[in-house]
Amino acid sequence: PDVGVFVDFCCFPQKPGGGAAREDTQYHPCMEVMALLYGHTHTCVLRLTSVPPHVEKKYFHRGWTAFESCISGNKPYADDKVYEFGDDFKHDSELAMKEKFVRKYKQRLQPPVSYERFSELFWRMEEQVKVLRVPYNKLFTQAEDKAWAMNKFREAWEEQRKVRELDFKSMGWGDSEALQLAAALPSFPNLETLHLTGNKIGDAGAEAIVGALANSQLHSLDLSDNGIGRAGAAKLAASLAGAADLAFLYAFANPFCSEEDARWQVVNAWKAAGKAKESLVLDHFALKHKIQK
């Protein structure tokens, strides 16, 4: 298949009226597809975040880089599609090769950034750069770019939140990230499948997740291999009555699974909700048996 490479600063005229007439005609069409380039599920983004020490305004204090980072992090199945090369990347002494190199620089994804959270992020960044000297005390060199970036982010978010599946397996997330995700989940009206296995989500995170999914059309929820204990199991059980569309729940390899009263609380709530018993998986061997069948 054909492969395209887009190097932002080199491929894209940086402002209209600043170069040849041909570049001026390219500026606006390029601006229109920026969100697509960074946010499409089939694009891979390499972020070069290192800034020379003498430059006061760092990568994460710039409006356009914030836009690009949030758009790329929000795209479906973004894991393995966003890589970051910062101050620790030394191109002349890097010894990692192939898979080791990829694993080393793969960006650790964060929960989806909603339009509201993106607006808050811009506000906080503007407050931070105010203390820098001119001309580094602004997020955007051209003031009008802020409104354009906000509008384009809103358009991209409206498309990104239409997904039916979110996959956040083995992200290293704890309760903090789970709380951020829970705040964003109501923004996904079509969500049917949510994968959160292999994280470090505890009782507070689990409570937030199941609370955010109340009365949703979620069909399958995977919370296996986390840190959910007795309190989280109680909240999970209490939420099942209002989860009419939930047909599959994977919660094995959590601490509560080894506590008989806690696990039976979930089992009894699952039964009371009229759900198929084979669709509740609280043990590794049950999952293995199901796959073999």
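Residues numbered from 1 in each chain as written. Predicted model: local features only at pLDDT ≥ 70, side-chain atom pairs only at ≥ 80, totals over all residues. Heavy atoms only, no water.

### Quick look at the overall build of the protein chain
So, step 1. The secondary structure content of the protein chain amounts to 12 helices and 7 strands.
So, step 2. Projected onto its principal axes, the C-alpha positions of the protein chain cover 70 × 45 × 45 Å.
So, step 3. Within the protein chain, the proportion of its 293 residues that are buried is 42%.
So, step 4. When contacts within the protein chain are restricted to residue pairs at least 6 apart in sequence, long-range pairs at least 24 apart make up 76% of them.
So, step 5. Total accessible area on the protein chain stands at roughly 16,500 Å², and carbon and sulfur atoms take up 56% of it.
So, step 6. Within the protein chain, one finds 37 positive and 39 negative side-chain charges whose respective centroids are separated by 2 Å. (Helix = DSSP H or I, 4+ residues; strand = E, 2+ residues; numbered from the N terminus. Buried < 20%, exposed > 50% of the residue type's maximum accessible area, 1.4 Å probe, protein only. Contact = heavy atoms within 4.5 Å. Areas by Shrake-Rupley, 256 points an atom, 1.4 Å probe, with all protein chains shown as cover. Lys, Arg positive; Asp, Glu negative; His and termini not counted. Charge placed at Lys NZ, Arg CZ, Asp CG, Glu CD.)

### Looking at the environment of Asp145
So, step 1. With respect to the helices, strands and loops of the structure, Asp145 is situated in helix 7 (residues 144-160).
So, step 2. In sequence terms Asp145 and Gly63 are 82 residues apart; their C-alpha atoms lie 8.6 Å from each other.

### Topic: the sheet that holds strand 3 (residues 165-167)
So, step 1. Here we have 5 strands laid out as an open sheet, ordered 3-4-5-6-7, and parallel in their pairing. Because the sheet does not close on itself, it has two edges, and the strands there are strand 3 and strand 7 (280-281).
So, step 2. When strand 3 meets strand 4 (residues 193-195), the two strands line up parallel, connected through 3 bridges. Following the sheet pairing, Glu165 is matched in strand 4 by Thr193. (Pairing = 2+ DSSP bridges.)

### Some thoughts on the side chain of Thr65
So, step 1. By the secondary structure assignment, Thr65 is in helix 4 (residues 63-74).
So, step 2. Its relative accessible area of 12% is what places Thr65 among the buried residues.
So, step 3. A polar contact is formed between the side chain of Thr65 and the backbone oxygen of Arg62, at a distance of 3.0 Å. (Polar contact = N/O pair within 3.5 Å; in protein donor to acceptor, adjacent residues only side chain to side chain.)

### Quick notes on a nonpolar patch on the surface
So, step 1. Side chains of Phe6, Val33, Leu36 and Leu37 sit close together on the surface and give an oily, nonpolar patch of about 300 Å² of accessible area.
So, step 2. Turning to its location among the elements, Leu36 is positioned in helix 3 (residues 34-39). (Patch = residues over 30% accessible without salt bridge, like charges linked within 9 Å, V, L, I, M, F, W, Y side chains within 5 Å. Salt bridge = Lys/Arg side-chain N within 4 Å of Asp/Glu carboxyl O.)

### Focus on unusual backbone geometry
So, step 1. In this structure, Pro135 follows Val134 across a cis peptide bond, with omega equal to 10 degrees.
So, step 2. Within the secondary structure layout, Pro135 lies in the loop between helix 6 (115-129) and helix 7.
So, step 3. Notably, Asp225 is not glycine yet its phi reads approximately 55 degrees, a positive angle.
So, step 4. Mapped onto the elements, Asp225 comes out in the loop between strand 5 (220-222) and helix 10 (230-239).

### Topic: the pattern of salt bridges
So, step 1. Counted according to the given criterion, the structure contains 19 salt bridges.
So, step 2. The partner of Lys106 in a salt bridge is Asp80, with the nearest N and O atoms 3.5 Å apart. Of the two residues, Lys106 is situated in the loop between helix 5 (98-105) and helix 6 and Asp80 in the loop between helix 4 and strand 2 (82-85); the sequence distance between them amounts to 26 residues.
So, step 3. The exposure class assigned to Lys106 is partly exposed, which follows from its relative accessible area of 31%.
So, step 4. The salt bridge involving Glu192 is made with Arg164; its shortest N-O contact spans 3.1 Å. Of the two residues, Glu192 is situated in the loop between helix 8 (175-184) and strand 4 and Arg164 in the loop between helix 7 and strand 3; the sequence distance between them amounts to 28 residues.
So, step 5. Here Glu192 falls in the partly exposed class, since its relative accessible area comes to 29%.

### Things to note about the packing of helix 8 against helix 9 (residues 203-212)
So, step 1. Running from amino to carboxyl end, helix 8 crosses helix 9 at an angle of 10 degrees, the nearest separation of the two axes being 8 Å. Accordingly, the angle class assigned to the pair helix 8 and helix 9 is roughly parallel. Seen from helix 8, the contacting residues are Asp175, Ala178, Leu179, Leu181 and Ala182; seen from helix 9, they are Asp203, Ala204, Gly205, Ala208, Ile209 and Ala212.
So, step 2. Looking at the contact of helix 8 with helix 9 residue by residue, the class counts come to 8 nonpolar, 1 polar and 2 charged. (Axes fitted to C-alpha atoms, helices over the stretch in contact; angles between N-to-C directions. Parallel < 35°, antiparallel > 145°, perpendicular 65-115°, else oblique. Nonpolar A, V, L, I, M, F, W, Y, C, P; charged D, E, K, R; others polar.)

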